[in-house]
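Chain by chain, the residues:
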Amino acid sequence: MNPAASTLAAAAVPITPTPLRQDARIIGLVGLAHASSHFAHLLLPPLFPVFAVQFGLSFSELGFLMTVFFFISGVGQAMSGFLVDKVGARPVLFAALGCFLAACLAGSVAQGWGGLLVVAVFAGLGNAPFHPVDFSILNQRVSGARLGYAFSAHGLSGNLGWALAPAFFALMVAFSNWRNAYLVAACMYVGVIVVMYLGRDKLRTEVVVHHRATQDVGGSAVGFLKLPVVWWCFSFFLLSTMTLAVVQNYASPILKALFQVSFETAAMTITAYMLCGALGMLIGGFVAARMPRRSDRVVALCMTAGAVLMAVCASGLMGASGTMVALAATGFAIGVGGPSRDMMIKRATPKGATGRVYGIVYSGLDTGFAVAPLVFGVMMDKGWYRAVLLGGAFTLLLAVGAALGVGLRTRAAEGAAGAAAA
């Protein structure tokens, strides 16, 4: 049979749609893994006020722990993208979960800043591969028609992990102590590892062959680094994440300093921010599925709204309750744009380099988390609490410009490809 006849014969065979149950199981497993990684982001920050008193640490010293966490995670993420392409996502995922378990065990026996540093190192190593792992699985295993919803569920589960952590540690401190909190968290990670092992057949990804992987990205394993859109994506994550770092690391002490709210109330406000972000991502999934080609504009609009709300929080004009409500609304606004953000990155990613591109691009997220404590920690030590919130609003506005830049270059590349094909 000649090649043309083979092509026609293949086209005549009906394509069996992927069952919803199969897609749902894959999305659920990846979502649980993502939630566990986001929980690990907050193994330290919710307890900063406790550590400051018990170990006599400054906000700069505590913030540096998160700089270490995200420096390791960022460098590791850029490298792990290549590893995921080479060996597949599944073994890397299990290694990462093992690191989270080790971080929790280290936290339970920490005796000072050095012990907390060990927690940061293990947690950073575990967090490093999650975006290359998650998006390699979703892009390879979930049907295209459901990807928008998959990205929504992925982002939503991450926010739920963030939301759970401060509430979990606040309750454990209230009813037990922070050392037992780390032991309970370790048991939770054992449970996650067991669930992932039982569903391991859904987590397998195709290993990328080098010569095929480099066809569309400049002829080498790092050829994609020459593409400007990759660095626009990196800049977007760096800037937008600095705003999130302000909320995660410093919203609790800022609320306590400005409005004299309790530790538990401040922690629950961060939980409310994350839960509202999760609700926003749920809604944003439908937006991303219906407007995939306008993803950059959706992101820009949502983040502009978030910047305005954070500036309102910085003003303090709404009092304690109003500020906490506005902060939660900020999470909702940014959350709505989350699935469109992931769709925007997918459109900008060249074929055959998913793991590597996601590793580099999402390392911008870790870079933002690493830089923010260095900048805003000094401002916190000086008592410039409102300026910290304004700084978060400003970096979010800069991220809006980066998102529009990604969209502009992606559309130009798609137009050029279409013209070449014609």
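None of these values were measured; they are calculated from a predicted model. (Residues numbered from 1 in each chain as written. Predicted model: local features only at pLDDT ≥ 70, side-chain atom pairs only at ≥ 80, totals over all residues. Heavy atoms only, no water.)

**A closer look at the packing of helix α5 (residues 89-108) against helix α6 (residues 113-127)**
Put simply, the rule is: All axes here are fitted lines through C-alpha atoms, helices being fitted over the stretch that makes contact, and every angle between N-to-C directions spans 0 to 180 degrees. Under the DSSP-based scheme used, a helix requires at least four consecutive residues in state H or I and a strand at least two consecutive residues in state E, with every element numbered from the N terminus. Throughout this description, any angle smaller than 35 degrees is read as roughly parallel, any larger than 145 degrees as roughly antiparallel, any in the 65 to 115 degree range as roughly perpendicular, and the remainder as oblique. In this scheme, a crossing is called left-handed if the near helix is turned counterclockwise away from the far one by less than a right angle; it is called right-handed if the turn is clockwise. Here, residues are in contact when the closest pair of their heavy atoms is within 4.5 Å. Gly is put with the polar residues, along with every residue not named as nonpolar or charged; the nonpolar set is Ala, Val, Leu, Ile, Met, Phe, Trp, Tyr, Cys and Pro, and the charged set is Asp, Glu, Lys and Arg.
Packing of α5 against α6 leaves a shortest axis separation of 7 Å and a crossing angle of 165°. When the interaxial angle is binned, α5 and α6 end up roughly antiparallel. Once α5 is placed against α6, the crossing between them reads as left-handed. In contact with Ala96, Cys99, Phe100, Ala102, Ala103, Ala106 and Gly107 of α5, α6 contributes Val118, Val119, Phe122, Ala123, Leu125, Gly126 and Asn127. Residue classes in the contact of α5 with α6 are distributed as 11 nonpolar, three polar and no charged.

**Remarks on the nonpolar core**
Heads up, the condition is: As used here, the term nonpolar core means buried Ala, Val, Leu, Ile, Met, Phe, Trp, Tyr and Cys residues forming a set that is joined through side-chain atoms within 4.5 Å. We call a residue buried when its accessible area falls under 20% of the maximum for its residue type, exposed when it is over 50%, and partly exposed in between, using a 1.4 Å probe and counting protein chains only.
Membership of the largest hydrophobic core comes to 115 residues, with the highest contact counts inside it found for Leu43, Leu44, Phe51 and Phe236. Here this core gets 16 residues from one element, more than from any other, and that element is helix α11 (residues 228-259). Once residues lying within four places of it in the same chain are set aside, the contact partners of Phe236 are Val299, Met303, Arg341, Met344, Ala399, Ala402 and Ala403.

**Description of the side chain of His154**
Along the polypeptide, His154 turns up in helix α8 (residues 147-175). Those residues within four positions of His154 in sequence are excluded, and the remaining contacts are Val30, His34, His131, Asp134, Phe135 and Leu138.

**Description of empty space enclosed by the protein**
What counts, and what does not: Space inside and on the surface of the protein is sampled on a 1 Å grid over the protein atoms alone, with a cavity defined as a set of points where a 1.4 Å probe fits but cannot get out and a pocket as an open set with protein on both sides within 12 Å along at least 5 of 7 lines; lining residues have an atom within 4 Å of a point. Grid points are joined across faces, edges and corners, and a volume is the space filled by probe spheres set on the points.
Following the criterion strictly, the structure yields four cavities of 30 Å³ or more and no others. For the largest cavity, the calculated volume is near 340 Å³. In this structure, the largest cavity is lined by 25 residues; those nearest its centre are Trp162, Leu244, Met281, Ile334 and Arg341. Elements represented by at least two residues in the lining of the largest cavity include exactly α2 (20-41), α8, α11, α12 (263-290), α14 (319-336), α15 (338-348) and α16 (354-381). Here the lining of the largest cavity gets five residues from one element, more than from any other, and that element is α11.

**Some remarks on the packing of α15 against helix α17 (residues 385-421)**
Relative orientation of the contacting elements α15 and α17 amounts to 35°, with a least axis distance of 9 Å. Where α15 crosses over α17, the two elements pack in a sense that is left-handed. Contact residues: Met344, Arg347 and Ala348 in α15; Ala403, Val406, Thr410, Arg411 and Glu414 in α17. Taken together, the residues that form the contact of α15 with α17 break down as four nonpolar, one polar and three charged.

**A closer look at the pattern of salt bridges**
To keep it simple, the criterion reads: By definition, a salt bridge exists where a carboxyl oxygen of Asp or Glu is found within 4 Å of a side-chain nitrogen of Lys or Arg.
All told, the structure shown has four salt bridges when counted by the stated rule. A salt bridge links Arg341 to Asp342, with the nearest nitrogen and oxygen atoms 3.1 Å apart. An identical accessibility class is assigned to Arg341 and Asp342; each is buried.

**Here we look at the confidence of the model for the protein**
Cut-off, in case you're wondering: Along the chain, pLDDT gives the predictor's confidence residue by residue, from 0 to 100.
Residues of the protein with pLDDT of at least 70 account for 90%, and the chain-wide mean is 85. This stretch, residues 1-15, has a pLDDT under 50; its non-local contacts, to residues over four places away or in other chains, come to one contact.

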